Amino acid sequence: MSWLTSDVLVLTVIAVLKAIVILLGAVICGAFLTVVERRLLGLWQDRYGPNRVGPFGAGQLIADMIKIFFKEDWVPSFGDRKLFVLAPAIAFASLLLSFMIIPITPGWGVADLSIGILFFFAMAGINVYAVLFGGYASANKYALIGAMRASAQTLSYEVFMGLSLMGVVAMTGSFNMRDIVNAQEGFWFIIPQFFGFVTFLIAGVAVTHRAPFDQPEAEQEIADGYHVEYSSMKFGMFFIGEYVGIVLVSALIATLFFGGWHGPLLPPIVWFALKTGFFVMLFVLARAALPRPRYDRVMQFGWKFCLPLTLINLLVTGFFILLGA
Amino acid sequence: MTTETSRSTDIAHAIVDELMDRFGSEVLTQQPTLTDMPVLWVARERLVEVMQFVQQVDKPYALLYDLHGVDERLRMHRRGLPPADFTVFYQLMSLERNVELMIKVALHEDDLRIPTLCNVYLNANWYERETFDMFGIDFVGHPHLSRLLMPPTWNGHPLRKDYPARATEFDPYTLTMEGQDREQAALRFDPESWGMKRQSRDTDYMFLNLGPNHPSAHGAFRIALQLDGEEVVDCVPDIGYHHRGAEKMAERQSWHSYIPYTDRIDYTGGVMNNLPYVLAVEKLAGITVPERAETIRVMMAEMFRINSHLLFLGTFLQDLGAMSPVFYTFSDRQRAYHVIEAITGFRMHPAWFRIGGTAHDLPRGWEQLVRDFLDWMPPRLDEYERAMMDNSLVRERTRHIATHTTAEALTWGITGPNLRATGLKYDRRKARPYSGYERFDFDIPVGTNGDVFDRGMLRIEEMRQSLRIIEQCLKHMPDGDYKADHPLTTPPPREKMLQHIETLITHFLQVSWGPVLKPNESFQMIEATKGLNSYYLTSDGNTMSYRTRIRTPSFAHLQQIPAVINGGFVPDLIAHLGSIDFVMADVDR
């Protein structure tokens, strides 16, 4: 136990505290986004949105939390109980854990993993199980169709989501997120990796099941799909999980393509927050503006357009790197 | 005007001569009515032949417009008509001749059988099921003769005259747990009874129950789907969850007090529903409505057409997954309601038309309200077109989806915008103007492909045309009375009521008892918000109607769903449901 000096102890406690602050911050951001989104949609849809509880409706979140916690927590008697309970936990946890790899400022971040991006892919892969379990365990035909759609869609889009980031990885020569941010000190990767950015954005929307790629939920078609049987906080976990996913993907885009915390004048944390907030807005705007394409078209778009595009992007990137070397 | 009427009567009666030549007068009996169409009684044995003849005659009667029954057993005034306990009537339309024809068949209580027409007119299917449901008439040879509107476990046939019309005439309602289980079991979808297989050589089909409460079912509508993956192999629409017995209620309400019930038939149509009813009653009463009343009626009906189409547009795009437009169209509807509320005093269900005119004159300052609305709408419509109908995602979701040709549409009795989307230029307001539509200048927009996209686009254009009509109403609103000066106008003009005892008594009788109309039959068809809507009234010389038949467009549109959607995907079905623009109150009545 000689290594357990007071210095190490203090550093550990600080690291744990930082981790708790960041993950809690992510959850609060995700939860608060439910209200922010409704206010933004209200703004774009010629109406108010929730504006009654607290200043600018900010207290709506508390009201919603109280409501959702006190709803009947119903588990279908005809379904698979264990999987039914497990699904929302996976949905929430897998996305939240991905926040570990995000470097927020030079000094703040949960973990500095050498495999960085790969960890995110792994977590996104696990997230599919949440939808699959949820849909299967509900023993509901709508949920099953939703789960089928979600698994097929997420799997297809994860294929090129990985490839879309390989350009960035190749240019940095590392999977580590801090290395990637540091490599963008001169210019942001959005410039050389524009197609990588576009395809990652599309894949990010698809993986979080947000409009216009919300086919797994498609209220108008399959009545909310895989979480149709969920109520109370189990539904809440799916719900908040989706928003945590939005924050996560936005933070990733900011980190990978827009220089992370880099920016003039303002402190790094503000730059990071501004960039992330911008992409969160973009998610909400897409929902307000776009209709939903048909499910089979979404699949075609993924395989026939996005996948070739990322491959070509990777080839061209590789070509220029070799040329430079 | 009289020569015009006699000319059209000649054309309408041409078919009578053709039928007489072919079948002779022992098969056919003609009945004089106020329905503006020849009415022929046909012997039951020759019905199918006669129908095949009119369907294949030169300039054919391609559209089976309506089919239903009448319980004749309590009817007092039926001199000169063939003896009958029940009648089944068929209303046929020829768009080329621009006329209608009614065929009636007399049936006797102890032998309520009649051959089915399902092989002649495809859309006879649901109409015959409803007639069976309501009167217990057996259509021999029908492929699936079962109850349509009432639950499968129901006892009795509601439109029969011996069936009580009020809940108080029944024993108190009870439902035991076993009874509930029985009712639910009866509603379970049974694929075999519809000739569906549960599996094919390499797939097990999934049977998905969409509705009666589903976000996109637009009310209490159920459709059972046979799915292979997400492909709809076959489907069975199931209606009746919104059935209130509006036709039965008409037999208990005075001619006047039934007006509010009509509002609730197509509940997005407001006073548009009053129009065919009061026009048909006015035919029975022999009232000529002043030009001002006609113009006010047209203006308000067109306001409601816009209102209904805005609701359509918002929900249609919502069904395609675009969540914003519905909020915009609803704020437009709010502006329309602002005008409607100022003029009628109500919003959704004004019940504002009266027998012989309207309830009030236009209020002071109505011009500015209408003008504001006319200025507000056109840029909004342009915006919807640019933002949504030009959107490539919308186009991809809607173009060449759920298409039908003009001929297919007519086979299924499709009317209104859904028919015009196939390219056929048939609008009742132009073809057979009523309520003074001949005085207005407007175009009939048509589509080309008859797909979901055309059905959506067409309605935006129709709103523009309705705005044109309202503008003309605003500019040329005639002076004069808003109510006819006629003894049967209900309620009679109040300013004349206090002049002498005669008018005071009339006023009292008509408000307390209701007007008494001479025995006859009348009929009025209008171009309603969703298609052709008509009221076929039978008066037996009483304060109430003997039989009121309400033909609604949505009923036919729902029957057609399997014909256009089989082979499509679930999202296509949702797009189609959004595009046909139905409300369940209009289907079930």
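Notes on the structure follow. Sequence order as written defines residue numbering, which begins from 1 separately in each chain. Key to labels: chains lettered from A, ligands numbered from 1, both in the order written. At least 70 in pLDDT is required for a residue's local features to be given in this predicted model, at least 80 for side-chain atom pairs to be given and counted, and no such filter applies to totals for whole chains, interfaces and linings, which use all residues. The basis for the side-chain values is all heavy atoms of the structure; hydrogens and waters are excluded.

**As for the overall build of chain B**
Point 1. Strands are runs of DSSP state E lasting at least two residues, helices are runs of H or I lasting at least four, and both sets are numbered from the N terminus onward. Per the secondary structure count, chain B includes 21 helices and 15 strands.
Point 2. Taken over C-alpha atoms, the radius of gyration is set against a globule rule of 2.2 Å times the number of residues to the power 0.38. Here the C-alpha radius of gyration of chain B, 24 Å, is about what a compact globule of 589 residues would show, namely 25 Å.
Point 3. Taking the principal axes of the C-alpha coordinates as reference, chain B spans close to 85 × 60 × 55 Å.
Point 4. In chain B, which comprises 589 residues, the proportion classed as buried is 59%.
Point 5. Note on contacts: a residue pair is in contact if any heavy atoms of the two residues lie within 4.5 Å. Relative to all contacts within chain B whose residues are 6 or more apart in sequence, the contacts with residues 24 or more apart total 70%.
Point 6. Carbon together with sulfur atoms contributes 52% to the accessible area of chain B, which is approximately 23,000 Å² in total.
Point 7. Positive: Lys, Arg. Negative: Asp, Glu. His and the chain ends are not part of the count. Lys charges are placed at NZ, Arg charges at CZ, Asp charges at CG and Glu charges at CD. Of the charged side chains in chain B, 63 are positive and 80 negative; the average position of the first set lies 3 Å away from that of the second. Whether a residue is buried, partly exposed or exposed follows from its accessible area with a 1.4 Å probe, protein chains only, as a fraction of its type maximum: under 20%, in between, or over 50%, in that order. Using a 1.4 Å probe, accessible areas were evaluated by the Shrake-Rupley method; residue-level cover was limited to the displayed protein chains.

**Describing a nonpolar patch on the surface**
Point 1. In this scheme, patches are assembled from residues that exceed 30% relative accessible area and form no salt bridge. Like charges are connected within 9 Å, while nonpolar side chains (Val, Leu, Ile, Met, Phe, Trp, Tyr) are connected within 5 Å. Salt bridge criterion: a side-chain nitrogen from Lys or Arg within 4 Å of a carboxyl oxygen from Asp or Glu. A grouping of A:L9, A:V13, A:V16, A:L17, A:I20, A:L24, A:I28, A:F32 and A:V36 is seen on the molecular surface, where their side chains present a nonpolar patch of about 780 Å² in accessible area.
Point 2. Mapping A:L24 onto the fold places it in helix α1 (residues 6-44).

**Details of the packing of aromatic side chains**
Point 1. Aromatic pairs are defined between Phe, Tyr and Trp rings, using the six-membered ring for Trp, whenever the two ring centres lie within 6.5 Å; interplanar angles under 30 degrees are classed as stacked, those over 60 as edge-to-face, and all others as tilted. Tallied over the entire structure, the rule returns 37 aromatic pairs over all chains.
Point 2. Both rings, one in A:F319 and one in A:F320, keep their centres 5.6 Å apart while their planes meet at 80°; by these two values the pair is edge-to-face.
Point 3. Through successive ring pairs, a cluster of aromatic residues spans A:W188, A:F194, A:F195, A:F197, A:F200, A:F257, A:F258, A:F278 and A:F279.
Point 4. Looking at B:K161, its charged tip hangs above the ring of B:Y546, at a distance of 4.0 Å from the centre.
Point 5. A positively charged side chain is recorded as over a ring if its NZ (Lys) or CZ (Arg) lies within 6 Å of the ring centre. The angle to the ring normal must also be within 35 degrees. The ring of B:F312 has B:R459 sitting right over it, with the charged end atom 4.4 Å from the ring centre.

**Topic: the interface of chain A and chain B**
Point 1. Taken residue by residue, the interface counts 26 residues in chain A and 34 residues in chain B.
Point 2. The largest contributions to the chain A side of the interface with chain B come from A:Q220, A:P291 and A:R294, which together make up 26% of the buried area.
Point 3. For the pair chain A and chain B, the interface holds 3 salt bridges.
Point 4. Here B:E230 makes a salt bridge to A:R149, at a shortest N to O gap of 2.5 Å.
Point 5. Between N or O atoms, a polar contact is any pair within 3.5 Å; within protein, one atom must be a potential hydrogen donor and the other a potential acceptor, and residues adjacent in sequence are included only when both atoms are from side chains. Counting across the chain A and chain B interface gives 10 residue pairs in polar contact (both at pLDDT 80 or more).
Point 6. Counting only elements with at least two residues in the side of chain A that touches chain B, the list comes to α1, α5 (141-172), α8 (219-222), α10 (268-289) and α11 (295-324) of chain A.
Point 7. The element that contributes the greatest number of residues to the side of chain A that touches chain B is α5(A), accounting for 5 residues.
Point 8. By residue class, the composition of the side of chain A that touches chain B is 13 nonpolar, 2 polar and 11 charged. When two parts are put together, the accessible area they lose, computed with a 1.4 Å probe and summed over both, is reported as buried area. Classes in brief: Ala, Val, Leu, Ile, Met, Phe, Trp, Tyr, Cys and Pro nonpolar; Asp, Glu, Lys and Arg charged; the others, Gly included, polar.

Function-wise, these values are silent; they only describe arrangement.
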